[in-house]
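Structural overview
The lines below spell out each chain.
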Amino acid sequence: MADKSYKFLLDLRQKPGNNACADCGESDPEWTSWNLGVFLCEGCAGVHRSLGAHISKVKSIRLDKWEEDQLRLMESEGNIKCQEKYEQQVPPSYRRPCSTDVQVLKEQWIRAKYERLEFTNPEKQTYLSGRKEGYMWKRGKDNNKFQSRRFVLSETENTLKYYNKEDAKTPKATLKIDQINVTFVPDKIGNLNGLQITYDNEGSTRNLFLYTEEGKDIVDWYNAIRSAKLNILRVAFPGTDDEELISNLTRDFLKEGWLYKTGPNKGDAFKKRWFTLDNRKLMYYPDPLDPFPKGEVFLGYKNKGNAVREGVPPGFKTQGYPFTIKTPERNFVLSAEYEDEQSQWMEILKFVIEKPLTPQDSSSRFRYK
Ligand SMILES: [Zn+2]
């Protein structure tokens with residue numbers, strides 16, 4: 001009987017929509033919520049289990065015993081029907097997670113859909129109001145401690161402000177919403193709800209590191225910023241395709257990690273640095289949570305004197321698994337500790353320099369020192 005139901009569910013999984021997790025899109029899902037009638041990946045099934053059986057009843061297609069009526073329910077519902085029901089009104093600026101996204105985005109997407117019913121009750125989408133105020137834990141620039149700070153987002157002013165003192169009239173900093181980037185960095189901050197805001201501060205990149213106690217709160221901040229930014233960009237760039245604006249609301253980093261780096265001269269020793277690749281900008285830091293990068297490298301187009309090569313230029317010291325980034329200005333000699341890190345970095349760096357520059361890329365270039 002178990003074999004028979006497994007075969008039945010495998011056939012059902014071949015139907016359109018069912019061959020990818022209903023919540024994150026991972027292929028060949030092995031789990032289900034049989035009362036919702038959806039196929040789920042293992043990770044999303046775990047979140048469903050935490051919602052409680054009054055919302056979602058989780059079963060494995062392979063490991064569990066199935067009743068006839070449960071199989072019929074799976075057959076009559078399916079991923080597409082369920083998505084039509086629970087994703088009726090997902091705002092265009094809302095970040096829909098994919099399987100490789102951070103846990104907090106996936107978990108809150110699932111809770112928003114089935115637990116809070118946010119996408120069938122638009123009045124619950126408070127992140128669309130253009131205004132949000134509240135407290136976040138923010139890492140201090142000088143003392144490196146996380147302290148509770150009041151943040152105020154205003155779409156009409158195009159500002160995100162934060163205040164150091166509870167009753168302060170003047171903000172400690174005022175950021176322009178259309179000029180900030182927001183991305184989740186849980187590992188770096190050491191908190192599941194860790195968020196990084198990046199903006200340009202007098203020609204240099206400035207990083208803010210934040211988190212909130214509740215996953216819902218940080219994802220609401222994230223989507224509030226995305227929503228405000230979309231509305232501001234729509235006004236600033238009338239006639240631009242909404243899809244293009246939406247794809248530019250926030251950028252996740254292409255890659256981050258430790259590498260060793262020499263100075264510009266032959267004989268320079270290698271120093272350990274944290275590298276962040278943000279689109280065409282490669283930044284390095286002594287500490288991953290530094291407020292400012294120690295250096296920034298602009299990666300231009302491959303035909304204009306930009307290249308990535310294995311090894312070091314003649315006369316340079318070597319160690320580990322080295323590679324060199326050539327730019328018109330200078331060579332950056334880097335080294336990975338392991339061979340697979342070297343190939344991953346080289347692959348992604350080559351991918352970036354093989355992309356032609358967009359007008360936005362070219363104008364941002366002038367900010368580099
Ligand atoms: Zn999933």
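Right, let's walk through the structure included here. Bear in mind the structure is a predicted one, so any value in this text is a computation, not a measurement. (Residues numbered from 1 in each chain as written. Predicted model: local features only at pLDDT ≥ 70, side-chain atom pairs only at ≥ 80, totals over all residues. Heavy atoms only, no water.)

For the rest of this paragraph, the subject is the coordination of the zinc ion. Only Cys 21 (SG), Cys 24 (SG), Cys 41 (SG) and Cys 44 (SG) from the protein reach the zinc ion as donors, at distances of 2.3 Å. Geometry at the zinc ion is tetrahedral, judged from its four donor atoms and the angles of 103 to 114° they form at the metal. Sequence positions of the donors to the zinc ion reduce to the motif C-x2-C-x16-C-x2-C. With respect to burial, Cys 41 and Cys 44 carry one shared label: buried. (Donors = N, O, S within 2.8 Å, 3.2 Å for Na, K, Ca; no water. Tetrahedral: all angles 85-135°; square planar, octahedral: opposite > 155°, others 65-115°. Buried < 20%, exposed > 50% of the residue type's maximum accessible area, 1.4 Å probe, protein only.)

This part takes up the packing of helix α5 (residues 103-115) against helix α7 (residues 215-236). Relative orientation of the contacting elements α5 and α7 amounts to 95°, with a least axis distance of 10 Å. Regarding the angle of α5 to α7, the classification is roughly perpendicular. Every residue of α7 that contacts α5 at Val 104, Leu 105 and Gln 108 is listed here: Gly 215, Lys 216, Ile 218, Val 219 and Tyr 222. In the contact of α5 with α7, the residues fall into five nonpolar, two polar and one charged. (Axes fitted to C-alpha atoms, helices over the stretch in contact; angles between N-to-C directions. Helix = DSSP H or I, 4+ residues; strand = E, 2+ residues; numbered from the N terminus. Parallel < 35°, antiparallel > 145°, perpendicular 65-115°, else oblique. Contact = heavy atoms within 4.5 Å. Nonpolar A, V, L, I, M, F, W, Y, C, P; charged D, E, K, R; others polar.)

What follows deals with the sheet that holds strand β2 (residues 38-40). A sheet is described by the order of its strands in space; here three strands give the open sequence β2-β1-β3, paired in antiparallel fashion. What marks the edges here is a single partner per strand, and that holds for β2 and β3 (58-60). Each neighbouring strand pair of the sheet contributes to a mean axis angle of 35°, computed without reference to strand direction. In the sheet, strand β1 (residues 31-33) pairs with β2 via three bridges, with the strands oriented antiparallel. Residue Thr 32 lies in a different strand from β2, and its bridge partner there is Phe 39. (Pairing = 2+ DSSP bridges.)

A few words now on α7. If you check α7, its first and last C-alpha atoms are 32 Å apart, about what 22 residues at 1.5 Å a residue would give, namely 32 Å. Of all 22 residues in α7, 16 are buried; the element is thus mostly enclosed. (Expected span 1.5 Å × (residues − 1).)

This part is about the packing of aromatic side chains. When we look at a pair of aromatic rings, we describe it by the centre distance and by the angle of the planes. Per the stated rule, a full pass over the model turns up 13 aromatic pairs. Here the aromatic rings of Phe 151 and Trp 221 are separated by 6.3 Å at their centres, their planes lie at 70°, and the arrangement is edge-to-face. A residue pair is termed long-range when its members are at least 10 positions apart, and Phe 151 in strand β5 (residues 146-154) and Trp 221 in helix α7 qualify at 70 residues. Each member of the pair Phe 151 and Trp 221 is classed as buried. Pairwise contacts between aromatic rings join Tyr 94, Trp 109, Phe 119 and Tyr 127 into one cluster. Here the guanidinium or amino end of Lys 59 rests over the ring plane of Trp 66, the centre of that ring lying 5.6 Å away. The side chain of Lys 272 reaches across the aromatic face of Trp 258, ending 5.0 Å from its centre. (Phe/Tyr/Trp six-rings, centres within 6.5 Å; stacked < 30°, edge-to-face > 60°. Lys NZ or Arg CZ within 6 Å of the ring centre and 35° of its normal.)

Turning next to the sheet that holds strand β8 (residues 181-184). Strand order across the open sheet formed by seven strands is β7-β6-β5-β4-β10-β9-β8, with antiparallel pairing between neighbours. Whereas interior strands pair on both sides, the edge strands pair on one side only; in this sheet they are β7 (173-176) and β8. Each neighbouring strand pair of the sheet contributes to a mean axis angle of 35°, computed without reference to strand direction. Helix-sheet contacts for α7 involve β4 (131-139), β5, β6 (159-163), β8, β9 (195-201) and β10 (204-211), and the interaxial angle to β4 is about 125°.

One number sums up the size of the second largest pocket: a volume of about 370 Å³. In terms of lining residues, the second largest pocket is bounded by 15 residues, among which Phe 184, Val 185, Pro 186, Asp 187 and Glu 256 are the most central. If you list the elements that add at least two residues to the lining of the second largest pocket, you get β8 and α6 (186-189). (1 Å grid on protein atoms, 1.4 Å probe; cavity = no way out; pocket = protein on both sides within 12 Å on 5 of 7 lines; lining within 4 Å. Points joined across faces, edges and corners; volume = space filled by probe spheres on them.)

Glancing now at empty space enclosed by the protein. To find the voids left in a structure, one rolls a probe of water-molecule size over its atoms. Summed over all chains, the structure comprises one cavity of 30 Å³ or more. Around the largest cavity, the lining residues are Lys 138, Arg 139, Gly 140, Lys 141, Arg 206, Asn 207, Leu 208, Phe 209, Leu 289, Asp 290 and Pro 291. Of all the elements in the fold, those that place two or more residues in the lining of the largest cavity are β4 and β10. Looking at which element gives the most residues to the lining of the largest cavity, the answer is β10, with four residues. Tallied by class, the residues present in the lining of the largest cavity amount to four nonpolar, two polar and five charged.

Under the definition given, this model contains 22 salt bridges. The salt bridge involving Asp 217 is made with Lys 132; its shortest N-O contact spans 3.4 Å. Here Asp 217 is found in helix α7, whereas its partner Lys 132 is found in strand β4, with 85 residues between them in sequence. On the basis of relative accessible area, Lys 132 is assigned to the buried category, the value being 17%. Salt bridges sharing common partners tie together Asp 23, Glu 87, Arg 96 and Lys 113. (Salt bridge = Lys/Arg side-chain N within 4 Å of Asp/Glu carboxyl O.)

This part is about the side chain of Asp 23. For Asp 23, the location among the structural elements is in the loop between α1 (2-13) and β1. Exposure remark for Asp 23: the relative accessible area of 4% places this residue in the buried category. Among the polar contacts made by the side chain of Asp 23, one reaches the side chain of Tyr 114 at a distance of 2.7 Å. The contact partners of Asp 23, leaving out residues within four places of it in the chain, are Leu 40, Cys 44, His 48, Pro 97, Trp 109, Ile 110, Lys 113 and Tyr 114. (Polar contact = N/O pair within 3.5 Å; in protein donor to acceptor, adjacent residues only side chain to side chain.)

Below, the discussion takes up the side chain of Thr 32. Structurally, Thr 32 is set in strand β1. Take Thr 32: its relative accessible area is 0%, and that puts it in the buried class. Leave out the neighbours within four places in its chain, and Thr 32 touches Val 38, Phe 39, Leu 40, Lys 57, Val 58, Lys 59, Ile 61, Trp 66 and Met 74.

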